[in-house]
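Examining the three-dimensional arrangement
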Amino acid sequence: MMHSTGFYFCLLVYVSGKTLIGVYCLVPQKYNTNDEGSSSLDKGFNILETTSKILPQGLFIETVRESWNFIWRRMMTELAPQDSSGSYERPLSAFRNREIGSLEFPDEPSRYHLYLGNPCPWCHRVKLAVVLKKLEPENIGVTSLVDDPVKASRGGWIFSKNDKDPLGSYDLRELYDKLCPGYKGRCTAPLLIDKKAKKIVSNDSSDIVRMLNKAKLGKGYEETIDLYPNELASEIDATNEWVYELLNDGVYRCGFSTRQDAYNKASSDVTTGLELADKILAERDFLCGNVFTEADLRLLPTILRFDGAYSPLFRAGGVNTRIRDYPHLFAWLKRCWNMDGVEQSIDLENAVSSYYRQLFPLNPGGLLPTPISKREIGLE
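First, a word on what this report is: a plain description of the structure on this page. Residue positions are given per chain, counted from 1 along the sequence in the order it is written. In keeping with the model being predicted, local features are shown solely for residues with a pLDDT of at least 70 and side-chain atom pairs are shown and tallied solely at 80 or more, while totals for entire chains, interfaces and linings include all residues. Where side-chain values are given, they derive from all heavy atoms of the structure, hydrogens and water being excluded.

Segments assigned H or I by DSSP are reported as helices when at least four residues long, segments assigned E as strands when at least two residues long, and all are numbered from the N terminus. Summarising the element assignment, Ser354 is placed in helix α11 (residues 348–358). The exposure class assigned to Ser354 is buried, which follows from its relative accessible area of 7%. In protein, a polar contact means a hydrogen-donor-capable atom and an acceptor-capable atom, both N or O and within 3.5 Å, with residues adjacent in sequence counting only if both atoms are side-chain atoms; elsewhere, any N or O pair within 3.5 Å suffices. Reaching out from Ser354, the side chain makes a polar contact with the side chain of Asp147 at a distance of 2.5 Å. For this analysis, residues touch if any pair of their heavy atoms sits within 4.5 Å. Contact partners of Ser354, with chain neighbours within four places excluded, come to Pro119, Asp147 and Leu359. The buried label goes to any residue with under 20% of its type's maximum accessible area, the exposed label to any with over 50%, and the partly exposed label to all in between, with areas taken from a 1.4 Å probe on protein chains only.

Right under this line is the structure:
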């Protein structure tokens, strides 16, 4: 028989009003291997076996659990601001209510530039607007960001060697600093800038989508989809409200909740939103009638990411919920997917895997699930 040497390490702290003695131990542990010489079992630090001789197992487990939960909640709060109930509250965008076509931001070709990240659903809204409005590089520039919070100096977005920032920045934080010196807020995408004036126009996806729908940006006369027709404006606005509250933001409130009651409320909201969308789409092709509008555009990125990330990782609506469980919503998803340019607007595998790679408080082991395919979602 062969042997290998292991060690155990034990740290006991003050938790839940109990004062526990701090113990730091490194003790060699012998683990047998089989006669064929395979690797020995890794038993970690062998803490449970060792501490049970001097402390009740329940006390040790309670200590570790409370310590783990405290650290996890602190990390979650850093990732996603919380209210007192443990519910995620999305911070407001810092640059809003500006418009291309105003005196400050004239409607001109090649003057404006977009920064978009594939995994982000808010960026995906804007990418869909670019695609559906048939905007070309001579109308507006687009740079694809890479999500890498380890390399980013603040936030999570950097530039790749293959798609550099036209203003020469290393990451999105540096770009914000160039355009708005002294800015202390979140360095988020999507981001729309005025290259000529060296100003930020907006970092709010809703405002950017609305701007792109109206602006000419040097385009000749070419009939494209109107995402916000006047006759449907009030219905689109009303639909946007519940789509955002119940679904766009609802899935994030599920994933970023740190208290059970907060999660229960968010998960119930998601279920309500899915049921409402399914009911509406039983009677019409799209959310506001028989034409694709801004309301559909705002819902689509959430639904495309649902089966791969929001249900299994965020537990939105329960871990077993799938879009195909809602037949009319599922038919709508396939209808949208088959529109020109929609499939090309997203790398679905990359978008889904990003949630597991980057949101480490939700996936601390860093294991990536087998990628969900378009076929598994039902898009092929």
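Right, picking up where we left off after that structure.
Moving on, we come to the environment of Tyr326. Along the chain, Tyr326 falls in the loop between α9 (294–310) and α10 (327–337). Taking the C-alpha atoms as reference points, Tyr326 and Asp278, separated by 48 residues in sequence, lie 6.0 Å from one another. Beyond its immediate chain neighbours, meaning those up to four positions away, Tyr326 contacts Thr271, Leu274, Glu275, Asp278 and Thr321.

What follows is about the sheet that holds strand β5 (residues 157–159). Taken in spatial order, the 5 strands line up as β5-β4-β3-β6-β7 in an open sheet, and their pairing is mixed. The open sheet has two free edges, formed respectively by β5 and β7 (199–202), since each of these has just one partner strand. Going across the sheet, the axis of each strand differs from the next one's by a mean of 40°, ignoring polarity. Sheet analysis places strand β6 (residues 191–194) next to β7, joined by 3 bridges and oriented antiparallel. Opposite Ile193, over in β7, you have Ile200 as the bridge partner. Against the sheet, helix α5 (residues 205–214) engages β3 (112–117), β6 and β7, with an angle of about 90° to β7. One requirement defines pairing of two strands: DSSP has to find at least two bridges between them. For helices, the axis comes from a line fit to the C-alpha atoms of the stretch in contact; other axes are also lines fit to C-alpha atoms, and the angle between any two N-to-C directions lies between 0 and 180 degrees.

A 1.4 Å probe that fits but cannot get out identifies a cavity on a 1 Å grid over protein atoms alone, an open set with protein on both sides within 12 Å along at least five of seven lines counts as a pocket, and a residue lines either if it has an atom within 4 Å of a point. Grid points are joined across faces, edges and corners, and a volume is the space filled by probe spheres set on the points. The volume enclosed by the largest pocket comes to roughly 1500 Å³. Taken together, 44 residues form the lining of the largest pocket, with Leu79, Tyr88, Arg90, Arg186 and Thr188 sitting closest to its centre. Where the lining of the largest pocket is concerned, the elements lending two or more residues are α2 (57–79), α3 (121–132), α5 and α11. No other element matches α11, which puts 4 residues into the lining of the largest pocket. In terms of residue class, the lining of the largest pocket is made up of 24 nonpolar, 10 polar and 10 charged. Taken as a whole, the second largest pocket encloses approximately 320 Å³ of empty space. For the second largest pocket, the lining is made up of 15 residues, of which Lys133, Asn213, Lys214, Lys216 and Thr224 are closest to its centre. Throughout this entry, Asp, Glu, Lys and Arg are counted as charged residues, while Ala, Val, Leu, Ile, Met, Phe, Trp, Tyr, Cys and Pro are counted as nonpolar. The remaining residues, Gly among them, count as polar. Residue classes in the lining of the second largest pocket are distributed as 4 nonpolar, 3 polar and 8 charged.

Look at the link from Ala189 to Pro190: it is a cis peptide, with omega at 5°. Positionally, Pro190 belongs in the loop between α4 (172–179) and β6. With a phi close to 65°, Ser110 is a non-glycine residue in the positive phi region. Mapped onto the fold, Ser110 is located in the loop between α2 and β3. One non-glycine residue, Lys134, lies in the positive phi region at around 55°. Along the polypeptide, Lys134 turns up in the loop between α3 and β4 (141–147).

Just distances and angles here, no functional claims.
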